[in-house]
Amino acid sequence: MLSPRSVNVKSFRFIVFVTLVIFCVMLGLKLMVNLPEPGIYSVSDDSKAVSSQSRQLRAQIGRLRLLLAKNGVTNPYENLESLPTIYAITPTHTRPLQKAELTRISQTFLLVPNFHWIIVEDSETKTPLVTNLLAQSGLTYTHLNAETPKEWKLLLDDPQWKKPRGVKQRNAALQWLRNNADPRKPAVVFFADDDNTYSLELFEEMRTTKKVSVWPVGLVGSVRFERPILDEHGKVANWSTGWRPERPFAIDMAGFAINLKLLLDNPQAEFSFDAPRGYQESTILAAVVTKDDLEPKASQCTKVYVWHTRTENPKLNDLKGKVPGMIVDWTVEV
């Protein structure tokens, strides 16, 4: 038999949950009042700035989604019918910075409506670290794993360009989409690496992609930014890039989004271990579009909304056990 104290505690928790859900619903309705009617959603290249009020509302929504996830309460702020879904594909692998970088980008994704995160681990099995992070993220997600063949794995001291990265993981995500995504619902696919930084404006830019949209990427290719060069008609004519501009699509992985329908209609479109260095983007894009099909975003490719920030790998002496007096506690997740 439950004590009066236990009953009171349970009642209090129930009241808190109900209050939280009601507040979240009201806030979601307030946000939806300012959304366009279904079927007429469009974003011009000259009106991309997210207002201060909108940012504050998104921040509140994000915090509420996180609280709801931590308390096991279904999130009512999901699937606005007027917005295409954004599927963000993120390959990830175990390393000291993994949790920090996944935490950083997940809390940006939390502010994006109609967002589905497909995270694919480069591992034989799904790890507890990623499993727990996703469960507490407040996001709609799909968790997969696909291990890179041994001969294609980078060694610890190898430069990142030596071998292609994320090939098997991105292909596993594409296969999941082909098996599970609803072709009747509008959606966009974006390859969101876990070592990048994303502005909220980027997701509003890509959401209206008809075939393939493109934009600049900052801090990549040993230059301040890379971008498509447009002709007098606003079409992509060439590429401003720090490396090999002769590539068919001389663009970074973070510099484009693809309409889901194109990927579903072209099952052969995938990444390849055999692609030359720097040609992964060209491999997938050439399978679905030509350069003439590209849709410039970000104010005619003049604004930067995504950056290759690539956090510096830390030098961890405690991993070697050589720090005098240091107690190494492997039960603490970092």
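Since the model is a prediction, treat every value here as computed from it, not as a measurement.

**What about the sheet that holds strand β2 (residues 115–121)?**
And step 1. One open sheet accounts for seven strands, arranged β3-β2-β1-β4-β10-β6-β11; its pairing is mixed. Of all strands in the sheet, those bounded by a partner on one side alone are β3 (140–145) and β11 (294–296). Within the sheet, the average angular offset between the axes of one strand and its neighbour, ignoring direction, is 25°.
And step 2. Pairing geometry for strand β1 (residues 85–92) and strand β4 (residues 187–191), over five bridges, is parallel. For Thr85, the partnering residue across the bridge sits in β4 and is Ala187.
And step 3. Its contacts with the sheet place helix α3 (residues 98–109) against β1 and β2, and it is angled at close to 165° to β2.

**Quick look at empty space enclosed by the protein**
And step 1. By the definition in use, this model includes one cavity of 30 Å³ or more.
And step 2. Empty space within the largest cavity amounts to approximately 60 Å³.
And step 3. When residues of the lining of the largest cavity are traced back to their parent elements, those giving at least two are β8 (223–230) and β9 (236–240).
And step 4. Broken down by element, the lining of the largest cavity gets its largest block of residues, three residues, from β8.
And step 5. Class assignment of the residues belonging to the lining of the largest cavity gives a composition of seven nonpolar, three polar and three charged.

**Side note on the nonpolar core**
And step 1. Judged by nonpolar contacts, the single largest core of 35 residues is most densely connected at Phe191, Val212, Phe256, Ile258 and Ile284.
And step 2. Here this core takes four residues from helix α5 (residues 167–180), the largest share from any one element.
And step 3. The contacts of Phe191, once residues within four sequence positions are left out, are Ile89, Arg170, Leu174, Met253, Ala254, Phe256, Ile258 and Phe271.
And step 4. Grouped together as the second largest cluster of nonpolar side chains are 31 residues, Ile105, Val112, Leu200 and Phe203 included.

**Observations regarding the UniProt feature "binding site: Mn(2+)" (unreviewed entry) in the protein chain**
And step 1. In the UniProt entry, the feature "binding site: Mn(2+)" (unreviewed entry) is given for Asp195.
And step 2. Mapped onto the secondary structure, Asp195 falls in the loop between β4 and β5 (197–198).
And step 3. Among the residues examined, Asp195 registers a relative accessible area of 10% and is labelled buried.
And step 4. Setting aside chain neighbours within four positions, we find Asp195 in contact with Glu101, Arg104, His308, Thr309 and Arg310.

**Observations regarding α5**
And step 1. An ideal rise of 1.5 Å per residue puts 20 Å on 14 residues; α5 measures up with 20 Å between its terminal C-alpha atoms.
And step 2. Among all positions of α5, only Val167, Gln169, Arg170, Asn171, Ala173, Leu174 and Leu177 are buried.
And step 3. At its buried positions, α5 is contacted by β1, β2, β3, β4, α7 (260–265) and α8 (280–286).

**Observations concerning the packing of aromatic side chains**
And step 1. Enumeration according to the criterion identifies 13 aromatic pairs in this entry.
And step 2. Ring-pair connections join several aromatic residues into one group, and the members of that group are Phe109, Phe115, Trp117, Phe190, Tyr198, Phe203 and Trp215.
And step 3. It is Arg244 that lies over the ring of Trp243; its NZ or CZ is 5.5 Å from the centre.

**Structural notes on the environment of Phe271**
And step 1. When you line up the elements, Phe271 lands in the loop between α7 and α8.
And step 2. Given a relative accessible area of 3%, Phe271 falls into the buried group.
And step 3. When the C-alpha atoms of Phe271 and Gly166 are compared, they prove to be 8.8 Å apart, with 105 residues separating the residues in sequence.
And step 4. Apart from the residues lying within four places of it in its own chain, the contact partners of Phe271 are Val167, Arg170, Asn171, Leu174, Phe191, Met253, Gln280 and Ile284.

**So, the pairing of β2**
And step 1. Burial analysis of β2 places seven of its seven residues in the buried class, which makes it a mostly covered element.
And step 2. The alternating pattern of β2 places Phe115, Trp117, Ile119 and Glu121 on one face and His116, Ile118 and Val120 on the opposite face, and all of these are buried.
And step 3. The pairing of β1 with β2 spans seven bridges and is classified as parallel. Counted as the bridge partner of Ala88 is Trp117 from β2.

**Let's talk about the pairing of strand β10 (residues 256–259)**
And step 1. In β10, alternate side chains face the same way, and those of Phe256 and Ile258 on one face and Ala257 and Asn259 on the other are all buried.
And step 2. Alignment of strand β6 (residues 212–214) against β10, held across three bridges, turns out to be antiparallel. The partner of Val212 across the bridge, within β10, is Ile258.

**Considerations on unusual backbone geometry**
And step 1. Phi is positive for Leu219, which is not a glycine, with a value near 60°.
And step 2. In this structure, Leu219 sits in strand β7 (residues 217–220).
And step 3. The phi dihedral of Ala298 is positive, around 55°, even though this residue is not glycine.
And step 4. The residue Ala298 is located in helix α9 (residues 298–301) in this model.

**Notes on helix α2 (residues 52–70)**
And step 1. The end-to-end C-alpha distance of α2 is 27 Å, a good match for the 27 Å that 19 residues give at a rise of 1.5 Å each.
And step 2. The set of residues buried in α2 consists of Ser54, Leu57, Arg58, Ile61, Gly62, Leu64, Arg65 and Leu68.

**Quick look at the pattern of salt bridges**
And step 1. According to the stated counting rule, one finds twelve salt bridges in the structure shown.
And step 2. Glu147 is the salt-bridge partner of Lys153, the closest N and O atoms lying 3.2 Å from each other.
And step 3. With a relative accessible area of 30%, Lys153 lands in the partly exposed category.
And step 4. Here Glu147 falls in the partly exposed class, since its relative accessible area comes to 33%.
And step 5. Taken together, the shared-partner salt bridges connect Arg95, Glu101, Arg104 and Asp194 into one network.

Cut-off values and rules
- Note on numbering: residues in each chain are counted from 1, in written sequence order.
- A pLDDT threshold of at least 70 governs which residues receive local features in this predicted model, and a stricter bar of 80 or more applies before side-chain atom pairs are shown or counted, although totals over entire chains, interfaces and linings include all residues.
- Values shown for side chains rest on all heavy atoms present in the structure; no hydrogens or waters enter the calculation.
- Note on pairing: two strands pair once DSSP finds at least 2 bridges between them.
- Under the scheme used here, helices are H or I runs from DSSP no shorter than 4 residues and strands are E runs no shorter than 2 residues, and both carry numbers assigned from the N terminus.
- Interaxial angle, 0 to 180 degrees, is taken between N-to-C directions of lines fitted to C-alpha atoms, where a helix line uses only the stretch in contact.
- Any pair of residues with heavy atoms lying within 4.5 Å of one another is described as a contacting pair.
- Only protein atoms enter the 1 Å grid, on which a cavity is a set of points fitting a 1.4 Å probe that cannot get out and a pocket is an open set with protein on both sides within 12 Å along at least 5 of 7 lines, lining residues being those with an atom within 4 Å of a point.
- Grid points are joined across faces, edges and corners, and a volume is the space filled by probe spheres set on the points.
- Polarity classes work like this: nonpolar for Ala, Val, Leu, Ile, Met, Phe, Trp, Tyr, Cys and Pro, charged for Asp, Glu, Lys and Arg, and polar for all others, with Gly in that last group.
- Put simply, buried Ala, Val, Leu, Ile, Met, Phe, Trp, Tyr and Cys residues joined by side-chain atoms within 4.5 Å make one nonpolar core.
- When accessible area is computed with a 1.4 Å probe and restricted to protein chains, residues below 20% of their type maximum are described as buried, those above 50% as exposed, and intermediate ones as partly exposed.
- UniProt positions are given in the numbering used here, feature names are shortened, and annotations may be inferred rather than shown by experiment.
- Each helix should span, by expectation, one fewer than its residue count multiplied by 1.5 Å.
- Stacked, edge-to-face and tilted labels apply to pairs of Phe, Tyr and Trp rings (six-membered ring for Trp) whose centres lie within 6.5 Å, assigned for plane angles under 30 degrees, over 60, and everything in between, in that order.
- To sit over a ring, a charge needs its Lys NZ or Arg CZ within 6 Å of the ring centre and within 35 degrees of the ring normal.
- Salt bridge, as used here: a side-chain nitrogen of Lys or Arg that lies within 4 Å of a carboxyl oxygen of Asp or Glu.

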